[in-house]
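Here is what each chain is made of, one letter per residue.
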Amino acid sequence: MGGCFSKPKPVEVKIEVVIPEKERSKEEMSPNGKASPLIYKVNGTARHYHLEEHPIASNPYHNPKDVVEASVCHVKDLENGQMREVDLGCGKALLIKESGEFYAMGHKCPHYGAPLVKGVLSKGRVRCPWHGACFNISTGDIEDFPGLDSLPRFQVKIEKEKVYIRASKQALQTQRRTKMMAKCISLSNYNLSSTNVLIIGAGAAGLVCAETLRQEGFSDRIVMCTMDRHLPYDRPKLSKSMDSHPEQIALRPKEFFRTYDIEVLTEMQVAAVDIKNKIAVFKDGFKMEYNKLLIATGNTPKALSCKGKEVENVFNIRTPEDANRVVKLATSKNVVIVGASFLGMEVAAYLAERAHSVSLVELEEVPFKKFFGERVGRAVMKMFENHRVKFYMQTEVSELREQENKLKEVVLKSGKVLRADVCVVGIGAVPATGFLKQSGINIDSKGFIVVNKMMQTNIPGVFAAGDTVMFPLALRNNKKVNVPHWQMAHMHGRIAALNMLAHGTEISTIPYLWTAMFGKSIRYAGHGEGFDDVVIQGDLDELKFVAFYTKSDEVVAVASMNYDPIVSKVAEVLAAGRTIRKRDVELFVRHGKTGDMSWLTGKGS
């Protein structure tokens, strides 16, 4: 059974999933955590499946001609805790020494290709310096996100005090590895209106959930449904690389979904969920039964409420087509962006060199003030002004004027009238949970789905993940928070999948995000909501700095520009459960790079 990319048509024969009564509460997992056999009855014939029946080959090098072996250094060339990028002639590898042992694996992060040698090595894993993904040095497996693939791991041997690496040439070239996955049992007859796992939403959370289930040996039917017309794609690129086509930013190719039997129903909107009968009702009337449900619908962009809001050429950037259309219309034209949000600022940066003019309208005094603080916000604002972006702060849009039904002018409440051929709206979003209001699923006053540490809702068998949830953040003493970050959505999806399989896994990841503007990136880790001070090291005018966000005496978040890999270092300290004190970073700032860094190495408080 391969992936399905359109609305299914029901057939008569039904699959009955039969699980022994004593196993039902364990949700198809045995006490030792291994995949239990699943029993299917098709036309009265039972079929069993074990992941163990499909063993992974012990020898990763099937073709000797594909193997290269090279001496890369002397054993004394690396100290414990050091990493080195080494060349094997037909590709590079990352050599690591920790606790007296050598390890070798891919040297580039599979997400966006960051050099991992510039990352952070800590307690058996390497964290990417750019976006915070983490990889186990023994296995190469991805342990924190973003990204979907793991790293290839290479054999290391020591002979006559020389370190040799034996590696697959193909792995050296691809620098990525997809984990082994189960497939759905091949059945010629089944009920297309019934699935074991239904995933509403096909973003990062939904896709990682589906992949994790397969990686863990789950062999029953998985269906993802999405309002989008495309398979899952890299949504952050919609505002960072606006002229990318859908196939260029696809997270997985169509063949992947077919290979691993992950069905995707595109342009399908769920209108209601009947939790009592475990049925999802689609907008067109189609119904699908499920056993386990993941809700990962994300957010819906807020629209303008002013006069003329229906005029043509006003956009929320929601799809690749939206982004492509904006770039085409904006080239050599006048653009007005409403909202100095991450999306608004990234769109402004992308269009600044393409449009005739870019104007940005914002209600606050400084961009990113609530997130990065006033000083960092002003530095970013100055960078934009140096690239011809004009700001209109502390005002709102009162009217959109048209000529021949196309946008002509944007009128501000301040009285200013801006020429505009295109308008992009980036004033925030609301959770896409309206269809759940009568479901019985616990939703807070702002529309967010409330979940526990295992991404479970108040309804057994119903999970939620991504931008649409409020979940307990370990970093902030399990305070319920909403963290609409790409990395966090990945982790939500993984935790939800593991707990569908009764692993009892709790979320404990550190939030990590980035934004890219004019070829420069701001990296951020932690959760700075409610910070009361910002301690800054470096030069804001030169856009080379690190900012520590503190609450009382504790560092709760960090941001940097041109200061790698300090954000990843701080993320590792926080992930280890250690507290960074305000006084520690103040001493560091006071003495510059010669200051005490023990708080980053685990030797401090």
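Remember, predicted model here, so these are calculated numbers, not experimental data.

Caption draft 1: Spotlight on the overall build of the protein. Counting its secondary structure elements, the protein contains 13 helices and 39 strands. Taking all 605 residues of the protein together, the buried fraction comes to 54%. Considering only contacts in the protein between residues 6 or more positions apart, those separated by 24 or more positions represent 62%.

Caption draft 2: The arrangement of the pattern of salt bridges in detail. Per the stated rule, a full pass over the model turns up 27 salt bridges. A salt bridge links Glu69 to Lys157; its shortest N-O distance comes to 3.0 Å. Pair noted here: Glu69 is in strand β4 (residues 67–74) and Lys157 is in strand β12 (residues 153–159), with a separation of 88 residues, a long-range link. Salt bridges sharing partners connect three or more residues here, namely Glu69, Lys157, Glu159 and Arg166.

Caption draft 3: Layout of the nonpolar core. Among the nonpolar cores identified, the biggest contains 101 residues, and Phe471 and Phe548 are the most heavily contacted of them. With 8 residues, the single largest contributor to this core is helix α10 (residues 486–500). Residues Ile249, Ile522, Ile536 and Leu540 belong to the second largest nonpolar core, which totals 52 residues.

Caption draft 4: Spatial organisation of the pairing of strand β14 (residues 197–200). Side-chain alternation along β14 places Val197 and Ile199 on one buried face and Leu198 and Ile200 on a second face that is also buried. As defined by bridge partners, β14 adjoins strand β15 (residues 222–225) across 4 bridges and the pair is classed as parallel. Opposite Ile199, over in β15, you have Met224 as the bridge partner. Since β14 and β15 lie parallel, the crossover through helix α3 (residues 204–215) that links them has a hand, and here it is right-handed.

Caption draft 5: Representation of the sheet that holds strand β33 (residues 469–473). Across the sheet, 3 strands lie side by side as β31-β33-β34; this open sheet has mixed pairing. The open sheet terminates on both sides in strands that have one partner only, identified here as β31 (449–450) and β34 (479–481). Of the strand pairs in this sheet, β33 and β34 are connected by 3 bridges, and their pairing is antiparallel. From the neighbouring strand, Leu473 faces β34, where its bridge partner is Lys479.

Caption draft 6: View of the packing of aromatic side chains. On inspection of all chains with the given rule, the structure shows 16 aromatic pairs. Here Phe256 and Phe257 contribute two aromatic rings whose centre-to-centre distance is 5.8 Å and whose plane-to-plane angle is 85 degrees, an arrangement assigned as edge-to-face. When sorted by exposure, Phe256 lands in the same class as Phe257, which is buried. A ring pair is formed by Tyr524 and Tyr549, whose centres lie 6.1 Å apart and whose planes are at 50 degrees; its orientation type is tilted. Within this pair, whereas Tyr524 is found in strand β36 (residues 520–526), its partner Tyr549 is found in strand β38 (residues 544–551), the two being separated by 25 residues in sequence. Residue Tyr524 is classed as buried on the basis of its relative accessible area, which comes to 2%. By relative accessible area, which is 0% here, Tyr549 ends up buried. Within the aromatic cluster, the residues linked to one another by ring pairs are Phe342, Phe368, Phe371, Phe372, Tyr524, Phe531 and Tyr549. Across from the ring centre of Tyr392, 5.8 Å away, lies the NZ or CZ of Lys390, which sits over that ring.

Cut-offs and rules
- Counting restarts for each chain: residues are numbered from 1 in the order of the written sequence.
- Only residues with pLDDT of at least 70 are given local features in this predicted model, and only at 80 or more are side-chain atom pairs given and counted; all residues enter the totals for whole chains, interfaces and linings.
- Derived side-chain values reflect all non-hydrogen atoms in the structure, with water molecules and hydrogen atoms excluded from consideration.
- Secondary structure is summarised from DSSP: a helix means a run of H or I of at least four residues, a strand means a run of E of at least two, and numbering begins at the N terminus for each.
- Residue burial is assigned from relative accessible area. The probe radius is 1.4 Å, only protein chains are included, and a residue is buried under 20% of its type maximum, exposed over 50%, and partly exposed in between.
- Should any heavy atoms of two residues lie within 4.5 Å, those residues are considered in contact.
- Any carboxyl oxygen of Asp or Glu within 4 Å of a side-chain nitrogen of Lys or Arg constitutes a salt bridge here.
- Take the buried residues of types Ala, Val, Leu, Ile, Met, Phe, Trp, Tyr and Cys, join any two whose side-chain atoms come within 4.5 Å, and each joined set is a nonpolar core.
- Strand pairing is assigned whenever DSSP detects at least two bridges linking the two strands.
- Classification remark: right-handed applies to a crossover when, strands pointing away from the viewer, the course from the first strand over the helix to the second runs clockwise.
- Each pair of aromatic rings taken from Phe, Tyr and Trp, with Trp reduced to its six-membered ring, is defined by centres within 6.5 Å and is described as stacked if the planes are under 30 degrees apart, edge-to-face if over 60, and tilted in the remaining cases.
- In this scheme, Lys NZ or Arg CZ marks a charge over a ring once it lies within 6 Å of the ring centre and within 35 degrees of the ring normal.

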